[in-house]
Structures are given as C-alpha cells and as structure tokens.
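# Fold and contact review
One-letter residues, chain by chain:
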Amino acid sequence: MSSEVLREHQRILAAYGGVYTDPRLQPLIERTVERLVAASERPDLHYKVTVLNSQSVNAFALPTGQLYVTRGLIALANDDSELASVLAHEMGHVIARHAELREEHAREAELVSRVVSDVVTDPAAGALALAKSKLALASFSRAQEFQADAIGVAIAAHAGFDPYGAVRFLTAMEHNSQLKPEQTGAINPAAPDFLSSHPATPERIANAVTTARQYRAPADTGQSFVQAKAAYLADINGIVYGEDPGEGFVRGRRFLHPKLGFTFTAPEGFTLDNTAQAVLGIKRGGSEAVRLDVVRVPAEQTLGAYLTSGWLENIDPATVEDITINGFPGATAAAKGDQWDFRLYAIRFGSDVYRFIFAAKRRTAETDRAFRESIGSFRRMSIAETEQAKPLRLRVVTVAPGDTIEKLAGKMALADRALDRFRALNGLDPSDRLKPGSEVKIVVE
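Figured I'd write up the structure that's included with this text. (Residues numbered from 1 in each chain as written. Predicted model: local features only at pLDDT ≥ 70, side-chain atom pairs only at ≥ 80, totals over all residues. Heavy atoms only, no water.)

On inspection of all chains with the given rule, the structure shows 23 salt bridges. The partner of R168 in a salt bridge is D162, with the nearest N and O atoms 2.6 Å apart. In this structure, the salt-bridge partner of R417 is D420, at a minimum N-O distance of 3.1 Å. For R417, a relative accessible area of 37% gives the class partly exposed. (Salt bridge = Lys/Arg side-chain N within 4 Å of Asp/Glu carboxyl O. Buried < 20%, exposed > 50% of the residue type's maximum accessible area, 1.4 Å probe, protein only.)

Next comes the structure, spelled out in structure tokens:
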C-alpha cells in the first residue's frame, strides 16, 4: 500500500473495530472474489479483502481495489450469492471508477471529524462526526448506486451466482434496518450501516429484480441452492454476533468493558451504542442523551477543577460538587447550552477519568434523579463477570419437526425483538414457515 492508502486503511480499521480473523471466512470471501473478478470486464484488477470486526452491516471499496466487508454483513447473508452480490456491487464502483471520489469524501469527513471533535458542548457532536465520517466512506450518487447494482448483478450472474442474491440481500437489509430503535430529534448515535449510504429503496430492489430477469426467470432455485446455502452457513457457524466484548459491549441498557473492568447502566428507556470514540446513548423520542468517554486528568488536579477547566462552556460554578461513586472519587456539575441542559460527571477509575455528559432538552428534578441513578450504577466488574463476558455468536441449527419460528426465536440470547431478529437473520417474511430438516441461524451465548 502507498502511505496514503495505508492511512485510509488504518482509519477504516479504527472506525470499524479492526480486523476480524476467522480461518474459514477469509477463504470463503477470497474464493467468491476470485470467481467475480474472472467473470468481470476487468479480470486484470486485483482486490484485497479485509473483514472488519464490526456488527454494522456494511461494505465498501477504495479506488485501489481494497475491499472491506463487516462481519455483521457476513452474518446477515444466508448464502454465497447474497455475499457475492455485495462484493460485486463494490467491484462495480471500482470498475466504473466511482471509488476514486472517495478520497475527496474522506478528506471532507476528516475535516468534519476534526472540527466537531473540538466542540464537546453537545453530546450529539461526537455521534454526528462519526456518522459523517463513516457515511463518507461509501457515499455515491443515486445514479452511481444503480449503475453499480447493474454491474454487480451482471458480474455475479456471469460468475455462476444466483442473480437474485442481490434482491434477497437488499430485502434482508431493509428488514434489519427496521429493527433499529426509532429515533426522533437531532441525535441518532446508531452507527451508520450499508443502508445509510446505499439506500435500499423499493425502487432499488425493483431495479435489481429487473436486472436479474435478464439472466434467468425467478424460480425455486432447487438442490444446488440448498447445497450452496448449507456450505455458506457451515462457513459462518460460530461467527461473533453483535459487539466484541474486547472493546466493551452493550447488553440492553447496560454497558460492560471487561478489559477496563467497569460497567454502568443507562437510565430507563435509553438505547446505547458503543462507538470507537465514545459510548453514546439516546432515550426514546430523542429528548435525552448521554455520552461516556475517557480522558487523562493529572493526579494533582481535582475533578471539580477539571470540570471547570474550560473543556465545556457555560458551567454553573454553584453546581460543582465533589462526590464518591461506589468508592471512586468523582465530581459533578450542571451546564446550559442553547438547546440542551447538561449534567456532567467525572469519575477517577485507575489512572483514567471517565467523563459522563448527560443531556436533556429540559432538565428537571426527574431527569437529574435518573442521571444520578445511572451514575450510581458505575462500578468495578467482578472477576466472575469478567470471565463470563463472552461475545454472542451465530449458531446454525437444524429445524426439527414441531419447531416454529416463535420457538426457535425464543432460544435466542437476545432480549430485544428476538422474533423480528430471527426473521431478519434468516431472510424470512411474517408468512413464512420453517421446513423440518432445513437449517437456520440463531444467536447464542
């Protein structure tokens, strides 16, 4: 890699959790790419594929042929034709030279990130900076997306993949995106995924169907499809699902970080998102938010002095108070912005200081109480908790006679909308029924 490409590569790894290593996935993807390249109009191009350790459903390419695909996307796909449709779509951008625009997007995103990261008066700032940065990695015009779709379906079909894989996967992504908590208001800390930058509109799905029909009519794909699906599921069996505990993870309203050894629980109604820069959370409706990050504060500086040291404006000096949270020294203060009221906490834990910024459109005694209770849940994880902090994984199971979608969804290690997630993971519509002997994916601890 050139130094410029290497910098972009490292930036992508930092934003998407680094490289995900699995001895079965790399050969699966490399085989798929080799077939696609050989069938494309540019068999001379060379691609290097990196699997990213991220739960987001995303894929993108650099102009140099660096292809990236997240484990979240691999887990959502149900056969190699679906995976091939995504990789071929990204190759379509490279072949059509769309990806050369990415360098300019990346420069703009870097500038946005730098500017916004200097402004911490709004907890939304970090989320928006990250969103814009990630979004710029895969932002192309509507016309370019349709062109890449058409090129991708053609390449996949010529390579012997089912051309309707693109239709199935676009549909799966739409179903998956509907599982995100509803957000209103300006803050949405949910990590952008493929749908954010590659909108899977009904029109796009309809176009994919039209393109696929040029290669064959829609029909039951028969035994060859069953075998291809079984082989794909065998390759992804055991893949990590959701967050990697090594970088901290969310379970409902609770955040745990085994490596750093602490945990806390967000207020009632909050949805948390663990990003590379901070833990971000928002309450249903968007009227309250929280940001947790870590800073270094000199041991000789009191936390009260740190809160008023100028990193955040409009702090009310009368509200600064030294506190103790489960044995750890801390401080709190209130501040007021144009549109948000803030309650700040700083807690010294080991050599680091954890900084909580709670925000409310209108701070009340009730919001302050909820924020205080949340801070009160900050504590050191026990040895048992640390040892038990293992990632969720996909497990492929065979449908037994009498098994229903509801029954298998009930075995999922997910508290939030397990039935809908089971359907999305397995490409099932509400009217679909399970066939004994077939294989499906469930999420287990």
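Our focus in this paragraph is the sheet that holds strand β7 (residues 262-265). Strand order across the open sheet formed by four strands is β5-β6-β7-β15, with antiparallel pairing between neighbours. Because the sheet does not close on itself, it has two edges, and the strands there are β5 (249-251) and β15 (379-380). Relative to β15, β7 runs antiparallel, the two sharing two bridges. From the neighbouring strand, T263 faces β15, where its bridge partner is R379. (Pairing = 2+ DSSP bridges. Helix = DSSP H or I, 4+ residues; strand = E, 2+ residues; numbered from the N terminus.)

Pairing between sheet strands relies on hydrogen bonds along the backbone, with the strands arranged either parallel or antiparallel. One open sheet holds the three strands; their spatial order is β4-β16-β17, and the pairing between them is antiparallel. What marks the edges here is a single partner per strand, and that holds for β4 (240-241) and β17 (439-444). Across the face of the sheet, helix α16 (residues 418-425) comes into contact with β4, β16 (392-398) and β17 while running at roughly 135 degrees to β17. (Contact = heavy atoms within 4.5 Å. Axes fitted to C-alpha atoms, helices over the stretch in contact; angles between N-to-C directions.)

Before going further, it helps to spend a moment on the packing of helix α4 (residues 80-95) against helix α7 (residues 142-158). When two helices pack together, their arrangement is given by the angle between the helix axes and the distance between those axes. Viewed as axis vectors pointing N to C, α4 and α7 meet at an angle of 115 degrees, and their least axial separation amounts to 7 Å. Helix-helix and strand crossings are classified by hand; for α4 and α7 the assignment is right-handed. Across the interface between the two elements, A88, H89, G92, H93 and I95 of α4 pack against Q144, E145, A148, D149, I151, G152, I155 and A156 of α7. Classifying every residue of the contact of α4 with α7 gives six nonpolar, five polar and two charged. (Left-handed = near helix turned anticlockwise from the far one by under 90°. Nonpolar A, V, L, I, M, F, W, Y, C, P; charged D, E, K, R; others polar.)

Next up on the list: unusual backbone geometry. Unlike most non-glycine residues, N326 shows phi in positive territory, near 50 degrees. As for its placement among the helices and strands, N326 is situated in the loop between β11 (321-325) and β12 (328-336). You can call N326 partly exposed: its relative accessible area is 48%.

In terms of nonpolar packing, the biggest core is built from 70 residues, with I29, L36, Y47, V69, I74, L83 and F422 touching the most fellow members. Tallying contributions element by element places α4 first for this core, with eight residues. Discounting chain neighbours no more than four positions away, the residues touching L36 are A84, L87, A88, M91, I155, A156, A159 and F161. (Core = buried A, V, L, I, M, F, W, Y, C linked by side-chain atoms within 4.5 Å.)

Attention shifts here to the environment of Q144. Examined against the element boundaries, Q144 turns out to sit in helix α7. Taking the C-alpha atoms as reference points, Q144 and R97, 47 residues apart in sequence, are found 9.9 Å from one another.

Moving on, we get to empty space enclosed by the protein. A full pass over the atoms with the stated rule returns three cavities of 30 Å³ or more. By volume, the largest cavity is sized at about 110 Å³. In this structure, the largest cavity is lined by 14 residues; those nearest its centre are S85, H89, D149, A166 and R204. Those elements giving two or more residues to the lining of the largest cavity turn out to be α4, α7, α8 (165-177) and α10 (202-213). Across the lining of the largest cavity, the residue classes tally to nine nonpolar, three polar and two charged. (1 Å grid on protein atoms, 1.4 Å probe; cavity = no way out; pocket = protein on both sides within 12 Å on 5 of 7 lines; lining within 4 Å. Points joined across faces, edges and corners; volume = space filled by probe spheres on them.)

Before going further, it helps to spend a moment on the packing of aromatic side chains. Counted under the stated rule, the structure contains 17 aromatic pairs. Ring centres of F255 and F264 lie 6.3 Å apart, and the angle between their planes is 50 degrees; on these two criteria the pair is classed as tilted. When its relative accessible area of 1% is taken as the criterion, F264 is described as buried. Taken together, the aromatic side chains of F255, F262, F264, F328, Y345, F349, Y354, F356, F358, F371 and F378 make up a single cluster linked through ring pairs. Geometry around F161 places R35 over its ring, the cationic atom sitting 3.7 Å from the centre. (Phe/Tyr/Trp six-rings, centres within 6.5 Å; stacked < 30°, edge-to-face > 60°. Lys NZ or Arg CZ within 6 Å of the ring centre and 35° of its normal.)

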